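# Structural description and commentary
Here is how the chains run, residue by residue.
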Amino acid sequence: MMNKTDALQRISELREQLHKYNHDYYILSQPTIDDFEFDMLMKDLIALENKFPEYADDNSPSQRVGSDINLEFKQVAHQYPMLSLGNTYSEEDVRDFETRILKLTEEKIQYVCELKYDGTSISLRYKNGKLVQALTRGDGVQGDDVTTNVRTIETVPLSLQGDDYPDEFEIRGEIMMPFQVFQQLNMEREEDGDSPFANPRNAASGSLKMQNSSVVRRRKLVCYLYYLLGKELPTRQHLQNLEVAKSWGFNISDDSKICNSIDEVLDFIKYWDKQRDELPVPIDGIVIKVNSIDQQEELGYTAKSPRWAISYKFKAERVATRLNSVAYQVGRTGSITPVANLDAVQLAGTVVKRASLHNADIIANLDLHLNDSVFVEKGGEIIPKIVGVDIDQRDVNAEKIEFIENCPECGTKLVRLEGEANHYCPNSLLCPPQITGRIEHFIARKAMNIDGLGEETIDLLYKQNLVNNISDLYRLKKEDLMPLDRMGDKSADRILGSIKESLNVPFEKVLFALGIRHVGQTVAKKLAKTLGSIQAIKAASFEELVNIDEIGDKIAKSIILFFEDEAQNQIVNDLIEFGLQFELNREELANQTNKLEGLSIVISGSFSLHSRDELKALIEQNGGKNTSSISKKTDLFLAGEKVGPSKLEKVEKFGIKTISEEEFVEMIQAAN
Ligand code: IVH
């Protein structure tokens with residue numbers, strides 16, 4: 001047995017790790033570990049805490065279930081806490097579940113097996129047949145009120161059918177993004193220069209937390225319900241209740257099954273482990289519940305989960321295959337992504353031939369050699385990854401994979417900047433994929449929004465020497481386009497029309513479209529609003545740049561480097577000549593004041609004169625900073641109707657000055 005000092009050391013180590021993973025998962029929506037590994041670490045921690053009760057701590061990650069609470073939404077206490085389920089990973093664990101139950105009751109048990117949907121859980125409250133509230137799980141005790149967003153989900157009934165529903169009840173389920181929607185969304189995000197979601201689960205929870213519910217609607221989320229709660233339920237059987245709920249209009253899975261023995265349960269698990277890739281939405285396991293509500297009540301709950309239900313988690317599918325080579329892709333900013341070429345192999349319903357290797361460090365950590373037998377896994381992620389190497393299979397003479405030193409496309413020596421994980425090719429103006437990549441970025445919807453030019457057309461235009469950089473687009477004539485493969489009269493007109501229209505695209509988008517490294521949409525907007533014109537940005541010193549909110553060393557350096565480059569300056573000058581917007585328009589400039597300079601302002605509640613977005617824009621136009629959460633650094637609290645009590649409490653605690661919408665408008669008008 002481990003001695004006390006070692007145990008304490010390991011316990012604190014595990015707690016620290018798990019706290020971090022929880023934060024990555026729930027708060028940042030960016031998981032850094034897969035569920036299985038997380039659960040294993042948690043198991044280790046719980047085992048040690050049980051063995052050494054003297055080290056118990058109320059703040060240990062084992063004592064709570066994580067939180068997805070977002071300060072922008074009103075927090076509301078759950079009427080019944082939202083518990084989690086104990087996890088099992090093997091046949092033996094499932095049999096142990098039954099053994100535990102049989103110790104507590106003599107009666108015969110009927111189980112219900114359900115799919116374990118892999119999305120984000122939701123609790124819906126209905127009063128007199130109408131949806132009145134939708135809460136996320138939060139920390140299990142209180143959740144975020146996301147009712148407005150949930151109302152946009154088609155599979156959530158707003159008003160119930162029939163007349164036999166209780167006056168008041170809750171129903172719980174899972175909100176998910178179907179695979180198909182997920183793939184489409186990620187494609188669009190990449191086109192727009194946004195980073196893609198890692199998996200459908202993150203996409204679903206991210207979507208549910210958006211401020212603009214009309215965008216949520218377009219995310220085409222779906223909701224399956226699996227748990228009816230309340231004082232007067234239709235029957236004393238869980239599955240029968242769900243069937244009745246189905247008649248009220250709820251989306252209830254047709255795949256649940258009554259099982260009269262643990263062997264039947266295990267068959268159900270085996271069946272779905274194979275079959276799960278055929279479903280339109282992701283599942284990550286099976287939930288096993290005792291069907292009788294009387295028995296459920298008899299079995300009761302532990303502090304964190306019911307004793308009458310458990311989940312079985314599927315293992316991430318893993319296969320071994322051969323590593324044939326490593327290819328290196330060059331992105332639009334020159335960053336290099338290594339990709340493994342593999343012997344084709346069947347994994348989780350698709351044929352896998354490639355796996356992402358991310359960067360040089362990952363290759364070094366795996367100690368990859370050519371022809372290695374590698375293990376490939378496809379967790380919740382869509383792009384498979386290499387998780388390990390079978391060293392026993394390695395030939396003694398196998399060649400170690402060394403990260404390339406020169407750009408595979410143009411031969412230029414690669415560089416890796418301090419603190420960055422990726423190598424990149426500095427030959428931005430002559431390296432072919434960087435040229436076409438920059439043009440694709442330039443025309444994207446969130447940049448210049450130029451229609452009709454796909455990747456292929458851009459390649460053709462580049463190969464035929466018609467477009468070598470973004471400014472060449474404005475030199476294109478109809479005669480240039482017509483001879484291109486599959487180009488019709490109408491398409492050519494559309495392209496030229498759209499290029500002409502792009503002359504009206506506002507400065508902040510033009511600045512984003514230039515594709516300066518590290519200058520994304522938010523930074524471009526900030527620079528445009530603060531400095532007002534391209535000339536001012538070009539003239540700004542490093543110190544002036546880093547003095548702007550949200551602009552750090554890395555971004556400032558990148559902007560300076562961009563304008564030190566003669567060729568880039570030439571392109572910008574050409575674009576100015578062609579008539580693109582390189583300063584804020586007159587109206588925006590006329591409305592710019594510095595009345596709110598240096599003030600950090602939080603907006604909350606609902607407003608009657610302006611939308612929240614308009615208020616945000618007004619704050620920025622007048623030199624203020626809009627922040628989302630209240631802290632001691634907040635200067636002003638702009639309060640609308642129906643501000644949540646927890647916000648008001650904080651405002652009072654920090655003694656922050658509160659103003660109404662009318663007072664705010666007067667304040668900025670006085671400035672003009
Ligand atoms: S029942 C007290 N049924 O898994 C029982 N949960 O770890 C509450 N989940 O938070 C949950 N499919 O988000 C239940 N058919 C299903 C489920 C399911 C997915 C999720 C749910 C819950 C988590 C439990």
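Residues numbered from 1 in each chain as written. Predicted model: local features only at pLDDT ≥ 70, side-chain atom pairs only at ≥ 80, totals over all residues. Heavy atoms only, no water.

## Observations regarding the nonpolar core
Which entries qualify depends on this criterion: Nonpolar core, defined: a set of buried Ala, Val, Leu, Ile, Met, Phe, Trp, Tyr and Cys residues in which side-chain atoms within 4.5 Å join the residues together. Residue burial is assigned from relative accessible area. The probe radius is 1.4 Å, only protein chains are included, and a residue is buried under 20% of its type maximum, exposed over 50%, and partly exposed in between. Helical segments are the DSSP runs of H or I of at least four residues, strand segments are the runs of E of at least two, and each set is numbered from the N terminus. Contacts are residue-level and defined by heavy atoms, with any inter-residue pair within 4.5 Å sufficient.
One finds F442, L473, L514 and L527 to be the most contacted residues of the largest nonpolar core, which totals 52 residues. Contributions of two or more residues to this core are made by α12 (432-443), α13 (455-463), α15 (489-501), α16 (507-513), α17 (521-531), α18 (534-539), α20 (553-564) and α21 (566-578). For F442, the residues in contact, after removing those within four places along its chain, are A447, M448, I450, I470, L473, Y474, A513 and L580.

## Regarding the pairing of strand β15 (residues 373-378)
Applied cut-off: Whether two strands pair depends on DSSP finding at least two bridges between them.
Counting buried positions over the 6 residues of β15 gives 5, a clear majority of the element. Relative to β15, strand β12 (residues 317-330) is paired through 6 bridges, and the arrangement is antiparallel. Counterpart to E317 in the pairing with β15 is K378. In this structure, β15 lies alongside strand β16 (residues 385-389), joined through 4 bridges in antiparallel fashion. What sits directly across from E377, in β16, is K385.

## Observations concerning the sheet that holds strand β5 (residues 130-136)
Each strand in a sheet pairs with another by means of backbone hydrogen bonds, the pair being arranged parallel or else antiparallel. We count it as follows: To obtain an axis, a line is fitted to C-alpha atoms, over the contacting stretch when the element is a helix, and the angle between two such axes runs from 0 to 180 degrees between their N-to-C directions.
Strand order in the open sheet made by the 4 strands is β5-β4-β7-β8, with antiparallel pairing throughout. Looking at strand neighbours, the two that pair on one side only are β5 and β8 (222-229), the edges of this open sheet. Direction aside, the axes of adjacent strands within the sheet are offset by 30° on average. Pairing geometry for strand β4 (residues 120-127) and β5, over 6 bridges, is antiparallel. Residue I122 lies in a different strand from β5, and its bridge partner there is T136. Contacts from helix α6 (residues 200-208) reach β4, β5 and β7 (168-176), with the element oriented near 45° to β4. Each of β7 and β8 touches helix α8 (residues 238-247); the most contacted strand, β8, lies at about 130° to it.

## Observations concerning the packing of helix α3 (residues 91-104) against helix α9 (residues 262-275)
We count it as follows: Note: crossing handedness is left-handed where the near helix turns anticlockwise from the far helix by less than a right angle, and right-handed where it turns clockwise. When residues are grouped by polarity, Ala, Val, Leu, Ile, Met, Phe, Trp, Tyr, Cys and Pro land in nonpolar, Asp, Glu, Lys and Arg in charged, and all others, Gly among them, in polar.
Viewed as axis vectors pointing N to C, α3 and α9 meet at an angle of 145°, and their least axial separation amounts to 11 Å. For the pair α3 and α9, the sense of crossing is right-handed. Together, E91, V94, R95 and E98 of α3 and I262, D263, V265, L266 and I269 of α9 make up the contact between the two elements. Split by residue class, the contact of α3 with α9 holds 5 nonpolar, no polar and 4 charged.

## Observations concerning the site of the ligand
How we decide: The near set for a molecule or strand comprises every residue that places at least one heavy atom within 4 Å of it. Whenever a nitrogen or oxygen atom comes within 3.5 Å of another N or O atom, the pair is scored as a polar contact, on the condition that within protein one atom can donate a hydrogen and the other can accept it, and that pairs from neighbouring residues in sequence are kept only if both atoms are in side chains. Method for areas: the Shrake-Rupley scheme with a 1.4 Å probe, in which residue coverage is limited to the protein chains shown.
Residues in close proximity to the ligand include L85, E114, L115, K116, Y117, S121, R137, E174, Y226, V287, K289 and P306, which together make up its full environment. Take L115: an N or O atom from its main chain is 3.1 Å from a nitrogen atom of the ligand. A distance of 3.5 Å separates an oxygen atom of the ligand from a polar atom in the side chain of S121. Burial of the ligand by the surrounding chains reaches 91%, relative to a free accessible area of 530 Å². When residues of the shell around the ligand are traced back to their parent elements, those giving at least two are β3 (111-117) and β10 (283-290). Among the elements that take part in the shell around the ligand, β3 stands out by supplying 4 residues, more than any other. Here the residues of the shell around the ligand are counted per class, giving 6 nonpolar, 1 polar and 5 charged.

## Remarks on α15
This is how it is decided: One fewer than the residue count of a helix, multiplied by 1.5 Å, yields its expected span. This arc is built from the directions going out from the helix axis to the C-beta atoms.
Between the first and last C-alpha of α15 there are 18 Å, a value that for 13 residues agrees with the 18 Å anticipated at 1.5 Å per step. Considered for burial, the residues of α15 that qualify are A492, I495, S498 and I499. In an axial view of α15, the angular spread of the buried residues amounts to 135°, which keeps them on one side of the axis. Exposed residues pointing more than 90 degrees away from the buried face of α15 are listed as K490, K500 and E501. Considering only its buried residues, α15 is in contact with α14 (478-481).

## Some words on the sheet that holds strand β2 (residues 86-88)
Sheet architecture is open: 5 strands sit in the order β2-β11-β10-β3-β9, paired in mixed fashion. Because the sheet does not close on itself, it has two edges, and the strands there are β2 and β9 (257-259). Each strand axis lies, on average, 35° off the axis of its neighbour in the sheet, ignoring direction. With 7 bridges connecting them, β3 and β10 associate as antiparallel partners. Each residue of the ladder has a partner; that of C113, found in β10, is I288. Its contacts with the sheet place α9 against β3, β9, β10 and β11 (309-313), and it is angled at close to 20° to β3.

## Considerations on the pattern of salt bridges
We count it as follows: The term salt bridge refers to a side-chain nitrogen of Lys or Arg lying within 4 Å of a carboxyl oxygen of Asp or Glu.
Overall, the coordinates contain 32 salt bridges when judged by the stated rule. For E54, the salt bridge is made with K4, and the minimal N-O distance between the two is 3.0 Å. One end of the pair, E54, is in the loop between α2 (35-51) and β1 (75-77); the other, K4, is in helix α1 (residues 4-27), and 50 residues separate them in sequence. Take K4: its relative accessible area is 46%, and that puts it in the partly exposed class. Several salt bridges share partner residues, and in doing so they unite D39, K116, D284 and K313 into one network.

## As for the packing of aromatic side chains
Let me state the cut-off plainly: Stacked, tilted and edge-to-face are the three classes applied to pairs of Phe, Tyr and Trp rings, where Trp contributes its six-membered ring and a pair requires centres within 6.5 Å; stacked means planes under 30 degrees apart, edge-to-face means over 60, and tilted covers the rest.
On inspection of all chains with the given rule, the structure shows 17 aromatic pairs. By the ring-pair criterion, three or more aromatic residues cluster together here, those being Y126, Y165, F169, W248 and F250.

## A short note on the side chain of T105
Mapped onto the fold, T105 is located in the loop between α3 and β3. Accessibility expressed as a relative area gives 4% for T105, which makes it buried. Here E107 takes part through its backbone nitrogen, which lies 3.1 Å from a polar atom of the side chain of T105. Contacts of T105, omitting those with residues within four sequence positions, involve E298 and L299.

## Observations concerning the pairing of β10
Buried residues dominate β10, accounting for 8 of its 8 residues. Taken together, the 5 bridges between β10 and β11 define a ladder with antiparallel strand orientation. Along β11, the bridge assignment pairs I288 with I310.

## Topic: the packing of α12 against α13
Short version of the rule: What sets the label is the angle itself: under 35 degrees gives roughly parallel, over 145 gives roughly antiparallel, 65 to 115 gives roughly perpendicular, and the rest give oblique.
Orientation of α12 relative to α13, taken along the N-to-C sense of each, is 130°, at an axis distance of 10 Å. Relative to α13, the element α12 lies oblique. α12 and α13 meet at a crossing whose hand is right-handed. Residues P432, I435, T436, I439, E440 and I443 of α12 form the contact with α13, whose participating residues are E455, I458, D459 and Y462. Class assignment for the residues of the contact of α12 with α13 results in 6 nonpolar, 1 polar and 3 charged.

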